[in-house]
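Structure at a glance
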Amino acid sequence: MNDHRDTLFTEPLAGAHAFQFDERVARVFPDMIRRSVPGYATIVAMTGLLAGQYAQAGSRLYDLGCSLGASTLAMSSQVGHDDCQFVAVDNSPAMLRRCRAVLAEEAPATAVSLVCARLQDVLIADASVVVLNFTLQFIPLEQRDAVIAAIHAGMRPGGILV
């Protein structure tokens with residue numbers, strides 16, 4: 001996928017120009033995340049390794065707040081079960097459009113269900129791995145316990161939340 005240099009927010013954000021995960025951000029997201037989250041590539045790689053260790057045959061693996069699908073790709077490259085289902089969720093249509101293109105280019109044989117929804121509205125079911133890389137901070141504080149409880153309720157015994 002062609003990376004573009006992030007120069008979007010060289011000026012302070014204000015009013016109508018507040019940060020949004022829109023098409024402009026989606027286009028430069030790989031550069032933006034690399035520069036703003038130290039060790040991001042290592043974290044994503046470790047997410048894949050954990051998924052390879054904990055994914056259970058016939059289960060679902062969720063990437064909640066998937067952005068462009070980095071964790072989905074990392075998980076799919078490490079999971080040894082052919083019958084796992086990958087579910088990538090984001091509330092930004094622009095990010096999901098780019099995610100679809102990234103997945104088609106980098107992992108065309110991996111079937112991934114892309115879901116455009118708020119994390120709070122996603123029903124987690126039959127999950128052995130759930131990933132929330134840098135996502136929970138976007139959920140209002142008063143809703144976080146309910147989100148974590150809903151994730152836990154949809155997980156298989158022995159599953160993990162990253």
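Since the model is a prediction, treat every value here as computed from it, not as a measurement.

Rules used throughout
Numbering of residues starts from 1 in every chain and runs along the sequence as written. The predicted origin of the model limits local features to residues at a pLDDT of at least 70 and limits the giving and counting of side-chain atom pairs to 80 or more, whereas totals for whole chains, interfaces and linings rest on all residues. Side-chain metrics in this entry use all non-hydrogen atoms of the structure; hydrogen atoms and water are not considered. Paired strands, as defined in this entry, are two strands with at least two bridges between them according to DSSP. Helix and strand definitions follow DSSP, with helices as H or I runs of at least four residues and strands as E runs of at least two, each counted in order from the N terminus. Axis geometry follows a simple rule: fit a line to the C-alpha atoms, using only the stretch in contact for helices, then measure angles between N-to-C directions, giving values from 0 to 180 degrees. Two residues form a contact once any of their heavy atoms are found within 4.5 Å. As used in this record, nonpolar core signifies buried Ala, Val, Leu, Ile, Met, Phe, Trp, Tyr and Cys residues forming a set joined through side-chain atoms within 4.5 Å. Here the term buried applies to any residue with accessible area under 20% of the maximum for its type, exposed to any over 50%, and partly exposed to those in between, with areas from a 1.4 Å probe on protein chains only. Between Lys or Arg on one side and Asp or Glu on the other, a salt bridge is scored when a side-chain nitrogen of the former is within 4 Å of a carboxyl oxygen of the latter. We call two directions roughly parallel when the angle between them is under 35 degrees, roughly antiparallel when it is over 145, roughly perpendicular when it lies between 65 and 115, and oblique otherwise. Left-handed describes a crossing whose near helix is turned anticlockwise from the far helix through less than a right angle; right-handed describes the clockwise counterpart. Classes in brief: Ala, Val, Leu, Ile, Met, Phe, Trp, Tyr, Cys and Pro nonpolar; Asp, Glu, Lys and Arg charged; the others, Gly included, polar.

Here we look at the sheet that holds strand β4 (residues 127–131)
Through backbone hydrogen bonds, the strands of a sheet pair up, either in parallel or in antiparallel fashion. One open sheet holds the five strands; their spatial order is β3-β2-β1-β4-β5, and the pairing between them is parallel. Sheet topology places β3 (112–116) and β5 (155–161) at the edges, where each strand pairs with a single neighbour. Between one strand and the next, the sheet's axes are offset by a mean angle of 20°, whatever the strand orientation. Pairing analysis gives four bridges linking strand β1 (residues 60–64) to β4, with the strands arranged parallel. Bridge pairing in β4 links Leu61 to Val129. The strands touched by helix α2 (residues 40–54) within the sheet are β1, β4 and β5, with β4 carrying the most contacts at an inclination of about 170°. Where helix α4 (residues 93–106) meets the sheet, it contacts β2 (85–90) and β3, and its direction lies at approximately 170° from that of β3.

So, the environment of Gln56
Checked against the element boundaries, Gln56 lands in the loop between α2 and β1. Taking C-alpha positions, Gln56 is 9.8 Å from Asp126, a pair spaced 70 residues apart along the chain. Ignoring sequence-local partners within four residues, the contact set of Gln56 consists of His81, Cys84, Ser128, Arg156, Pro157, Gly158 and Gly159.

Looking at the nonpolar core
Within the largest apolar cluster, 15 residues are counted, with the highest numbers of intra-cluster contacts made by Tyr62, Leu64, Ile124, Val130 and Ile151. Beyond its immediate chain neighbours, meaning those up to four positions away, Tyr62 contacts Met75, Val87, Leu123, Ile124, Ala125, Ala127, Val129, Val130 and Val131.

What about the pattern of salt bridges?
As enumerated under the stated definition, the model contains two salt bridges in all. The partner of Asp121 in a salt bridge is Arg118, and the shortest N-O contact between them spans 2.9 Å. Classification of Asp121 as exposed rests on a relative accessible area of 52%. With a shortest N-O distance of 2.7 Å, Arg156 and Asp126 are connected by a salt bridge. A residue pair is termed long-range when its members are at least 10 positions apart, and Arg156 in strand β5 and Asp126 in the loop between β3 and β4 qualify at 30 residues.

A few points about the packing of α2 against helix α3 (residues 70–78)
Following both chains from N to C, one finds α2 and α3 inclined at 40°, their axes separated by 7 Å at the closest point. Here α2 is positioned oblique relative to α3, judged by the angle of their axes. The handedness of the crossing between α2 and α3 is right-handed. Residues Tyr40, Val44, Thr47, Gly48, Leu49, Ala51 and Gly52 of α2 lie in contact with α3, whose contacting residues are Ala70, Ser71, Ala74, Met75 and Gln78. Partitioning the contact of α2 with α3 into residue classes produces seven nonpolar, five polar and no charged.

Purely spatial values, then, with no claim about function.
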